[in-house]
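Chain residues, written in single-letter form:
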Amino acid sequence: MALVRTYGCQQNVADSEKLRGQLQEMGFAFTEQEEEADLILFNTCAVRENAEFRVYGNVGNLKALKRQKPSLIIGVCGCMMEQEHVAEKIRQSYPYVSLVFGTHVVHKLPELLYQTLTSGKRVFSRGDDSEDKTIVEGLPIHRDRDIRAWLTVMYGCDNFCTYCIVPYVRGREKSRKPGDILAEFKSLVEAGYKEITLLGQNVNSYGKGLEEQVDFSDLLNLLCTVPGDYHIRFMTSHPKDASFKLIDTIAAQPKICKHLHLPVQCGSDRLLVQMNRHYTVEHYLELIEYARKKVPGITFSSDIIVGFPGETEEDFQKTLELVQKVGYMQLFTFIYSKRTGTKAADMPDPTPRKEKTDRMTRLLKVQDDIAMALVKAQVGQTVRVLVEGYGRNEGTLSGRLDNNLTVEFEADSALMGSYAMVRLTGARATVLLGELVES
Ligand code: SAH
Ligand code: SF4
Ligand code: F3S
């Protein structure tokens, strides 16, 4: 039996589905119980320090299990392992980890596992320059869920935001061919998936380097030609590449959710330069305004970094102002975490931790009030939702709106996995409550 545990973003979730797919073909069944497993694989994330700490802690906890069961194979893979100093730390401090590999060699799992089993030696593998350039198509995928699916349209990132480790651990941007994406998309629709989320670190630069002249809007339009009952989400859009054409496409295609995740990171132009983000607050707000005009009812979400090196109270106030101006439905907030090897790691960072956590608390308070007001403002509408799970109360189901909010309503569980029309009648914190209108 194999246990694959995933840390980090949807890219890693999608990679884990490929790891499981390959393991399944090799004859493995899956478990969530460490004691039952013959193989434990941690697919790791390097984006912030606390993500890394969790992995070290959890790998450390396996020491006793390995002692009891020497045949257990412990492997760590994913973004953390593409950093040389991390792989070295595993080599030195965790001798019972016998398989270590990075994001560029996910497709080599069978070979690497075979080596581990037969050589009696520990196996370490990271992508080399040649592998960095190729996309391996056709890997088996063992999907975690049956209503929502992830579909990677591009790998890597070329943006080198100064705080971010992703370009170092995921390599350069590579787009999949539209034909390959379309084929996978069709197979998902045919298999009955209702929500398909297109993934990439920067989907708006999709198409760069491909022979065909195709951009992300073209890809969306192509996918929307596939007949069927489904909807499309995508992430992540970088504001420097998010185009008016993209917004027009969202407006024109009913199958695309009327929601845009557009991470702004901060509201100070001075810091946006320091972050190497290549847009101004003014441009960002122009995109938001255009989207509001063209796509009635559209909602936004964003990522914010608090406490970037050199962030002053004045910079932070500008972030608060921006957050208030846009009115995000959801905000993912992070305290800056220094990543070895990035540019920002060398920038002076005099702000005390206490000041940063204090700013975070203030930001969360502002956002809470905004989200509550936006949720309340939804009440009274009738919306189409995809029924995905059970609600908190007996006899209720839950579904998600275009804007990612959840609504709970009384209904028969036979509706699971289908669309339903729900009238929004109230809210419990940020969860909407509603009643079924028709299905
Ligand atoms: N490619 C996406 C997401 C990248 S990682 C994008 O550009 O938006 C997700 C989020 O983690 C980022 O948007 C950023 O807000 C946050 N993040 C990345 N590096 C970080 C760091 N060193 N410290 C704190 N937050 C970070
Ligand atoms: Fe990181 Fe910036 Fe690339 Fe996003 S766009 S993955 S934040 S470098
Ligand atoms: Fe983490 Fe890698 Fe994603 S570093 S955020 S899992 S691309």
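One can find the structure itself at the top, above this paragraph.
Residues numbered from 1 in each chain as written. Chains lettered and ligands numbered in written order. Predicted model: local features only at pLDDT ≥ 70, side-chain atom pairs only at ≥ 80, totals over all residues. Heavy atoms only, no water.

(A) Focus on the packing of helix H1 (residues 10-25) against helix H5 (residues 109-119). Contact geometry for H1 and H5: axes closest at 10 Å, N-to-C directions at 60 degrees. In terms of axis orientation, H1 runs oblique to H5. Along the contact surface, H1 presents Leu 19, Gln 22 and Leu 23, while H5 presents Leu 109, Pro 110 and Leu 113. Considering only residue class, the contact of H1 with H5 consists of five nonpolar, one polar and no charged. (Axes fitted to C-alpha atoms, helices over the stretch in contact; angles between N-to-C directions. Helix = DSSP H or I, 4+ residues; strand = E, 2+ residues; numbered from the N terminus. Parallel < 35°, antiparallel > 145°, perpendicular 65-115°, else oblique. Contact = heavy atoms within 4.5 Å. Nonpolar A, V, L, I, M, F, W, Y, C, P; charged D, E, K, R; others polar.)

(B) Molecular detail of the nonpolar core. With 72 residues, the main nonpolar core has Val 153, Leu 198, Phe 216 and Phe 234 as its most contacted residues. Here this core takes seven residues from helix H12 (residues 281-294), the largest share from any one element. Ranked by size, the runner-up nonpolar core spans 28 residues in total, among them Leu 3, Cys 45, Ile 90 and Tyr 96. (Core = buried A, V, L, I, M, F, W, Y, C linked by side-chain atoms within 4.5 Å. Buried < 20%, exposed > 50% of the residue type's maximum accessible area, 1.4 Å probe, protein only.)

(C) Summary view of empty space enclosed by the protein. Taken as a whole, this structure holds one cavity of 30 Å³ or more when the rule is applied. The volume enclosed by the largest cavity comes to roughly 240 Å³. Around the largest cavity, the lining is made up of 14 residues, and of these Thr 103, His 104, His 107, Thr 134 and Tyr 155 lie nearest the centre. Here the lining of the largest cavity is composed, by residue class, of five nonpolar, four polar and five charged. (1 Å grid on protein atoms, 1.4 Å probe; cavity = no way out; pocket = protein on both sides within 12 Å on 5 of 7 lines; lining within 4 Å. Points joined across faces, edges and corners; volume = space filled by probe spheres on them.)

(D) Focus on the packing of aromatic side chains. Evaluated as defined, the whole model comprises ten aromatic pairs. Considering the side-chain rings of Tyr 56 and Tyr 94, the 6.0 Å spacing of their centres and the 10 degrees angle between planes classify their relative orientation as stacked. Within this pair, whereas Tyr 56 is found in helix H2 (residues 49-60), its partner Tyr 94 is found in the loop between helix H4 (84-93) and strand S4 (99-101), the two being separated by 38 residues in sequence. Take Tyr 56 and Tyr 94: they sit in the same class, and that class is buried. Taken together, the ring pairs in this structure connect Tyr 56, Tyr 94 and Tyr 96 into an aromatic cluster. Over the face of the ring belonging to Tyr 56 we find Lys 89, whose NZ or CZ atom lies 4.0 Å from the ring centre. (Phe/Tyr/Trp six-rings, centres within 6.5 Å; stacked < 30°, edge-to-face > 60°. Lys NZ or Arg CZ within 6 Å of the ring centre and 35° of its normal.)

(E) Summary view of the site of ligand 1. Surveying the vicinity of ligand 1 reveals 15 residues, the closest of which are Arg 48, Gln 201, Gln 265, Asp 303 and Ser 337. Between ligand 1 and the protein, one listed contact pairs an oxygen atom with a side-chain N or O atom of Asp 303 at 2.6 Å. Taken by itself ligand 1 offers 540 Å² of open surface, and the protein chains cover 91% of this. Broken down by secondary-structure element, the contributors of at least two residues to the shell around ligand 1 are strand S12 (299-306) and strand S13 (330-335). When grouped by side-chain class, the residues that make up the shell around ligand 1 number seven nonpolar, four polar and four charged. (Near = heavy atom within 4 Å. Polar contact = N/O pair within 3.5 Å; in protein donor to acceptor, adjacent residues only side chain to side chain. Areas by Shrake-Rupley, 256 points an atom, 1.4 Å probe, with all protein chains shown as cover.)

(F) Spotlight on the sheet that holds strand S6 (residues 148-152). Here we have three strands laid out as an open sheet, ordered S6-S9-S10, and parallel in their pairing. Edge positions in the sheet fall to S6 and strand S10 (231-235), since each has one partner strand and no second. Pairs of neighbouring strands in the sheet enclose a mean axial angle of 25 degrees, with direction left out of account. Packing against the sheet, helix H8 (residues 178-190) makes contact with S6, strand S9 (195-199) and S10, and its axis sits at approximately 175 degrees to S6. In the packing of helix H9 (residues 216-223) onto the sheet, contacts are made with S9 and S10, and the angle to S10 comes to roughly 160 degrees. (Pairing = 2+ DSSP bridges.)

(G) Fine view of the site of ligand 2. Near ligand 2 the following residues occur: Cys 157, Asn 159, Phe 160, Cys 161, Tyr 163, Cys 164, Val 166, Pro 167, Gln 201, His 238 and Arg 277. Of the residues in the shell around ligand 2, the class split is seven nonpolar, three polar and one charged.

(H) The arrangement of H1 in detail. Taking 1.5 Å of rise per residue, 16 residues should cover 22 Å, and H1 covers 23 Å from first to last C-alpha, within 8% of that figure. The buried fraction of H1 amounts to twelve of the 16 residues, a majority that puts the element mostly inside the structure. Every buried residue belonging to H1 is among Gln 11, Asn 12, Ala 14, Asp 15, Ser 16, Glu 17, Lys 18, Leu 19, Arg 20, Gly 21, Gln 22 and Leu 23, and all of these are buried. Taken from the residues just after H1, Gly 27 is the one with a positive phi, measuring 100 degrees. (Expected span 1.5 Å × (residues − 1).)

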